[in-house]
Amino acid sequence: MDLHAREVNQDVRELGELLGEIIKEQVSESAFDIVEQIRTAAVAYRRGDATDRAVIHETLDGLSAEEQDVVARAFTTYFELINLAEERQRVREIREGSQDGTLEDSVRDAVEELAERDLRAETVEQVLDDVLIQPTFTAHPTEARRKTVKAKLRSVSDHLETLDEVRLTTDEQTDVERDLEAEVTSLWQTPQVRDRRPEVTDEALNVQWYLENVLFVVISEVYDALERAVEDEFDDEVDVPKLYEFRSWAGSDRDGNPFVTPEVTEETLDRQQSVALPLYRDRLKALSGILSQDGRQLDTGERFDERLEAHRERLPGVASEAEERYPNEPYRQKLKLMRESVLRVNDVRSGGYQEESEFLADIETLAESLRANGADVIAESQIDPLYRTVDTFGFNLASLDLRDHRANHTNAIAEAVDREGIDYEAMSEDERVDFLTEAILQDETVIDVDDRDGYSDDAERVLQLFAETAEWQRDYGVDAIDTYAISWCEEPSHVLEVLFLADQAGIVDLPGYCGLDVVPLLESKYALDGARRIMGTLFENEAYQQALDARNGVQEIMLGYSDSNKENGFLAANWSLFRNQRRLAAITDDYDVEMRLFHGRGGSISRGGGPMNDAMLALPNETVSGQIKFTEQGETISEKYANRSIAERNLEQMLNAQIRARHNAMEEPVEEVPEEWTAAMETAAEAAREEYLDLLETDGFVEFFETATPITVIENLNLGSRPASRSEDRSVDDLRAIPWVFSWTQARCILPGWYSLATGIQAYLDDGGDMETLREMYDEWLFFQTTLDNAALALARSEMEIAEQYADLAPDDLRDELFPRIREEYEDAVDAITEITGRDSLLRREWLEENLARRNPYVDPLNLLQVRLLSQSHLTEEETRTLRLTVQGIAAGMKNTG
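Residues numbered from 1 in each chain as written. Predicted model: local features only at pLDDT ≥ 70, side-chain atom pairs only at ≥ 80, totals over all residues. Heavy atoms only, no water.

Caption draft 1: Quick look at the overall build of the protein. When helices and strands are tallied, the protein shows 38 helices and 10 strands. What you see for the protein is a C-alpha radius of gyration of 29 Å, in line with the 29 Å of a compact globule of 898 residues. Among the 898 residues that make up the protein, the fraction classed as buried is 61%. Split by element, the accessible area of the protein, about 35,600 Å² in all, is 41% carbon and sulfur. Positive and negative side-chain charges in the protein, numbering 92 and 193 respectively, have mean positions lying 5 Å apart. (Helix = DSSP H or I, 4+ residues; strand = E, 2+ residues; numbered from the N terminus. Rg over C-alpha atoms; globule rule 2.2 N^0.38 Å. Buried < 20%, exposed > 50% of the residue type's maximum accessible area, 1.4 Å probe, protein only. Areas by Shrake-Rupley, 256 points an atom, 1.4 Å probe, with all protein chains shown as cover. Lys, Arg positive; Asp, Glu negative; His and termini not counted. Charge placed at Lys NZ, Arg CZ, Asp CG, Glu CD.)

Caption draft 2: Broad picture of the side chain of Ser341. One can find Ser341 in helix α13 (residues 330-343). By relative accessible area, which is 0% here, Ser341 ends up buried.

Caption draft 3: Spatial organisation of the pairing of strand β7 (residues 517-522). In terms of residue burial, β7 counts as a mostly covered element, since 6 of its 6 residues are buried. In β7, alternate side chains face the same way, and those of Asp517, Val519 and Leu521 on one face and Val518, Pro520 and Leu522 on the other are all buried. Here 4 bridges tie strand β4 (residues 483-487) to β7, and the two strands are oriented parallel to one another. If you follow Ile486 over to β7, its bridge partner there is Pro520. As paired elements, β7 and strand β8 (residues 554-560) share 2 bridges and run parallel to each other. Residue pairing for β8: Leu522 is matched across the bridge by Leu559. (Pairing = 2+ DSSP bridges.)

Caption draft 4: Local environment of the environment of Val859. Here Val859 shows up in helix α37 (residues 846-870). You can call Val859 buried: its relative accessible area is 1%. Each C-alpha atom of the pair Val859 and Ile890 lies 6.0 Å from the other, and the pair is 31 residues apart in sequence. Aside from chain neighbours lying at most four places away, what touches Val859 is Phe79, Arg748, Ile890 and Gly893. (Contact = heavy atoms within 4.5 Å.)

Caption draft 5: View of the packing of helix α28 (residues 675-696) against helix α32 (residues 757-766). At a minimum axis separation of 7 Å, α28 and α32 run at an interaxial angle of 135°. It follows from the interaxial angle that α28 and α32 lie oblique. The handedness of the crossing between α28 and α32 is right-handed. From α28, Ala680, Thr683, Ala684, Ala687, Ala688 and Glu691 reach across to α32, where they touch Thr759, Gly760, Ile761, Ala763 and Tyr764. (Axes fitted to C-alpha atoms, helices over the stretch in contact; angles between N-to-C directions. Parallel < 35°, antiparallel > 145°, perpendicular 65-115°, else oblique. Left-handed = near helix turned anticlockwise from the far one by under 90°.)

Caption draft 6: A look at helix α7 (residues 147-165). Taking 1.5 Å of rise per residue, 19 residues should cover 27 Å, and α7 covers 27 Å from first to last C-alpha, within 8% of that figure. Taken together, the buried positions of α7 are Val149, Lys150, Lys152, Leu153, Arg154, Ser155, Val156, Ser157, His159, Leu160, Leu163 and Asp164. Here the buried face of α7 lies against α1 (8-26), α4 (65-100), α8 (170-189) and α9 (200-233). (Expected span 1.5 Å × (residues − 1).)

Caption draft 7: Here's a closer look at the nonpolar core. In this structure, Phe704, Trp740, Trp754, Trp781 and Phe784 are the most contacted members of the largest nonpolar core, which totals 123 residues. It is α4 that provides the largest number of residues to this core, a total of 11 residues. Among residues more than four places away in sequence, those in contact with Phe704 are Trp744, Ala807, Ala810, Leu814, Arg815, Leu818, Phe819 and Ile822. If you look at the next biggest cluster of nonpolar residues, it comprises 89 residues, including Phe246, Met338, Val345 and Leu651. (Core = buried A, V, L, I, M, F, W, Y, C linked by side-chain atoms within 4.5 Å.)

Caption draft 8: Structural detail: the sheet that holds strand β1 (residues 132-137). With parallel pairing, 8 strands are arranged side by side around a closed barrel as β1-β2-β3-β4-β7-β8-β9-β10. Pairing between strand β9 (residues 594-600) and strand β10 (residues 627-632): 3 bridges, direction parallel. Within β10, the position partnered with Phe598 by the bridge is Lys629.

Caption draft 9: Quick look at the environment of Ala794. Within the fold, Ala794 resides in helix α34 (residues 782-797). It is 32 Å that separates the C-alpha atoms of Ala794 and Arg108, two residues lying 686 residues apart in sequence.

Caption draft 10: Broad picture of the packing of helix α24 (residues 570-590) against α28. Between α24 and α28, the least distance of the axes is 8 Å, while the angle of their chain directions is 135°. Here α28 runs oblique to α24, going by the angle between their axes. Relative to α28, α24 is oriented so that their crossing is left-handed. Two secondary-structure elements touch here, α24 through Leu571, Ala572, Trp575 and Arg579 and α28 through Thr678, Met681, Glu682, Ala684, Ala685, Ala688 and Arg689.

Caption draft 11: How the structure looks around the state of the cysteines. Inspection of every chain in the model, using the stated rule, returns 0 disulfides. Not part of a disulfide, Cys514 finds its nearest cysteine sulfur in Cys489, a span of 15 Å. Cys514 sits in the buried class, given a relative accessible area of 3%. (Disulfide = S-S within 2.5 Å.)

Caption draft 12: Fine view of the environment of Asp451. Structurally, Asp451 can be placed in the loop between α17 (429-441) and α18 (457-476). Residues Asp451 and Glu438 lie 13 residues apart in sequence; the distance between their C-alpha atoms is 22 Å.

Caption draft 13: Spatial organisation of the pattern of salt bridges. Throughout the structure, instances matching the rule amount to 71 salt bridges. In this structure, Asp282 and Arg281 form a salt bridge, with 3.2 Å as the shortest nitrogen-oxygen distance. With a shortest N-O distance of 2.7 Å, Asp362 and Arg307 are connected by a salt bridge. Within this pair, whereas Asp362 is found in helix α14 (residues 356-372), its partner Arg307 is found in helix α11 (residues 302-314), the two being separated by 55 residues in sequence. (Salt bridge = Lys/Arg side-chain N within 4 Å of Asp/Glu carboxyl O.)

Caption draft 14: Spotlight on the packing of aromatic side chains. Using the criterion set out here, one finds 33 aromatic pairs in the structure. Ring geometry for Phe359 and Phe395: centres 6.1 Å apart, planes at 25°, overall stacked. With Phe359 in helix α14 and Phe395 in the loop between α15 (376-393) and β3 (399-405), the pair connects residues that are 36 residues apart, well separated along the chain. What makes Phe359 buried here is its relative accessible area of 0%. Measuring from ring centre to ring centre gives 5.4 Å for Phe705 and Trp744, while their planes differ by 35°; the resulting arrangement is tilted. One end of the pair, Phe705, is in helix α29 (residues 701-708); the other, Trp744, is in helix α31 (residues 737-746), and 39 residues separate them in sequence. The buried category is assigned to Trp744, whose relative accessible area is 2%. Every member of this aromatic cluster is reached through a ring pair, and the members are Phe137, Phe216, Phe246, Tyr280, Tyr353, Phe359, Phe393, Phe395 and Tyr641. Sitting over the face of the ring of Phe32, Lys24 holds its NZ or CZ atom 4.5 Å from the ring centroid. Positioned above the aromatic ring of Trp188, the side-chain terminus of Arg73 is 4.2 Å from the ring centre. (Phe/Tyr/Trp six-rings, centres within 6.5 Å; stacked < 30°, edge-to-face > 60°. Lys NZ or Arg CZ within 6 Å of the ring centre and 35° of its normal.)

Caption draft 15: Quick look at unusual backbone geometry. Of note, the amide linkage connecting Leu510 to Pro511 takes the cis form, showing an omega dihedral of -5°. If you trace the backbone, Pro511 turns up in the loop between β5 (508-509) and β6 (513-514). Of note in the backbone geometry, Asp118 takes a positive phi value of approximately 60° without being a glycine. Given a relative accessible area of 66%, Asp118 falls into the exposed group.

Caption draft 16: Broad picture of a negative patch on the surface. A contiguous patch of negative charge on the surface is contributed by Asp448, Asp450, Asp451, Asp453, Asp457, Asp458 and Glu460. Looking at where Asp450 falls in the secondary structure, it is placed in the loop between α17 and α18. (Patch = residues over 30% accessible without salt bridge, like charges linked within 9 Å, V, L, I, M, F, W, Y side chains within 5 Å.)

Caption draft 17: Region of the structure containing α29. Every buried residue belonging to α29 is among Phe701, Phe704, Phe705 and Ala708, and all of these are buried. What you see down the axis of α29 is that its buried residues fit within an arc of 100°, all on one side. (Arc of directions from axis to C-beta.)

As structure tokens, then:
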């Protein structure tokens, strides 16, 4: 059976032709000719049919400002459309693989692997009980596209799906193709670049869209797939627990963003709940049309009858209306009452659900009653999906994590206790720990978080946040906002400061109650190297022990991939993170504390990106408790979750990896890594770090970076609500990790994803190491394999010929000193990876090579146009807009920003 009517080359060709026709109609035939001349010249050079890019340069040199804009828009729009064609191809492959049973990394694959190991049902159930996957959506500004543009692209995607999957009459196909042309025409006429910086509310709404329109719909389908696989493979029943929980930083992450106010956070909480509750109401309304059973012909069961009667007592008026409208239809009566109780959550009227558990109990009772009356298929297809959805999203759609920089808490406490005659600033670290501990354990408060008169703005904000958090937990439930991450945490006192502030606000009442998971974010080398000092001090602290006990003995620890990379370089950062994860596992094991790692990953390779399932399987066994949390941000959110089929596939791959990883960890709790391998990594990582730091500390490096990349353009792009730098200092340290990576990516020199890797490997070889050991490490050690494969991807996306064009923008002396060094490291890295892996090319996935080959000829002209504009000392308003548009287009072409 043919599942699809089209294939990717047809989509690419027809979308390109459609765009060409629109350019002719909307601009002119001559404008189309210019674009076509540049395109064909770029393709010819990449194919080897031309010896240089002279034709492209000559054409660009002769363009007016208006024609430059048309070229930038043409190639940018082309990539937006081609990305949709490739997305459609991914959907085809998912559907076809599912149909013929060849889809790898599915939940069925994971269950079959467990069955092949002859595991008993109770062991499988234990594995699943341990698993909890927590994707956490952030508002970090790496999404270059406007919301309006994304909406139009989703419409184009829907039209492509219809043409591909629906059997259409000739007239119907004509109508769809007309609508597709209309949408692409509108896309062409729509400004691509934002005129204003998005507000925090915009970012929260963006995250909410994916939760509401995609994940809310597909989550039950993942559970269905798992339950079917378990039923097929195991004779004994296996209970499938809650496996996913979605969280968000959008609207609650304060680190470096002055626009995330308590008012914004409250608005986000309120809006998410106002979205979730009507969705449940609509589901219950739809069920009422299905559960029309005659109560005189079935026994609904004692539990159902008791809950129905109790519900009638809570809502007597609604109960009377339900009985009158649905006589002898008990399920419909119950659904009417449930609908009303959902609508009255947080309502002044009585009768609303006080806890999600009440709602879940009603759903579960309904399913039990149906099954007892031979309606298993109705319970399975209609009630179970609702249960899974409520269990996953609750009444709040996603739980919010709070985050702020450690210095803000320290300063706020110093101001507050100074009023009590206490000099907190003068205290040593040990004295601060003792003071905070005593204050938390005593019954009386030390400060009044509600009395904020006379404080500095920053201190007032901190105190207000904790006071408001106590109110939010009362209004929306503790689960709505129950985690607090501390950026740049480096001392035990930084963690205790948050616990102290929460205690003063009534969020914590020890012993027995702690309403927050306090999460240290370890990102600096000092913090990671001092992990035992930090965590050991906390685990031995009386107040913190009580807080942990109140949180079921689970300690969440966040690892910062982005800043670790920017501080240490690619290889050293990866090794440090791996080594320190094992160290943290040993520390928590020593203190009998369960650890949940929170991986602060970005979308790019240098910021912890890459295939999520590979990354999960490559984690040290000691760290795989079953619970895992990781950030999803920027363009990766759109790539993973904009399409329902792809979103479901991503969730399945995560679950596949986590099930397998957890079982592996149960079988081998401590991963045996040969000492020879760890010694090799120690040598290579230290040499790589020294080379990386030496590059960054070279005189003039910052000036080279600012002139040889479009960083100054990116800083003013209105990508997100958060500023690009932490202060006005012009230094690499001050620059946030996202624009740092984004700038190198634009210049086609993805230095943060591979620089000094070759130096590290060569240092190991010079120290007596051998290539055979490196090959063995690659073949048998997932950590090393994933590290090299990720570096290979960053190398494959880098183009030194294009990067040299950017380097020519720098002062001659800096270019001559720095760029040859960068190029040599690139070439050495390519040689090292191909020799270790034994591959002829960098990439081990053929489809990735095809993808790059299809894209590169079309990215090049945008790079060359961007270089030309960057080289000009003065730009008109139109040229400035075009320059910004080239950033957008290159990001779309590279499918990556920061």
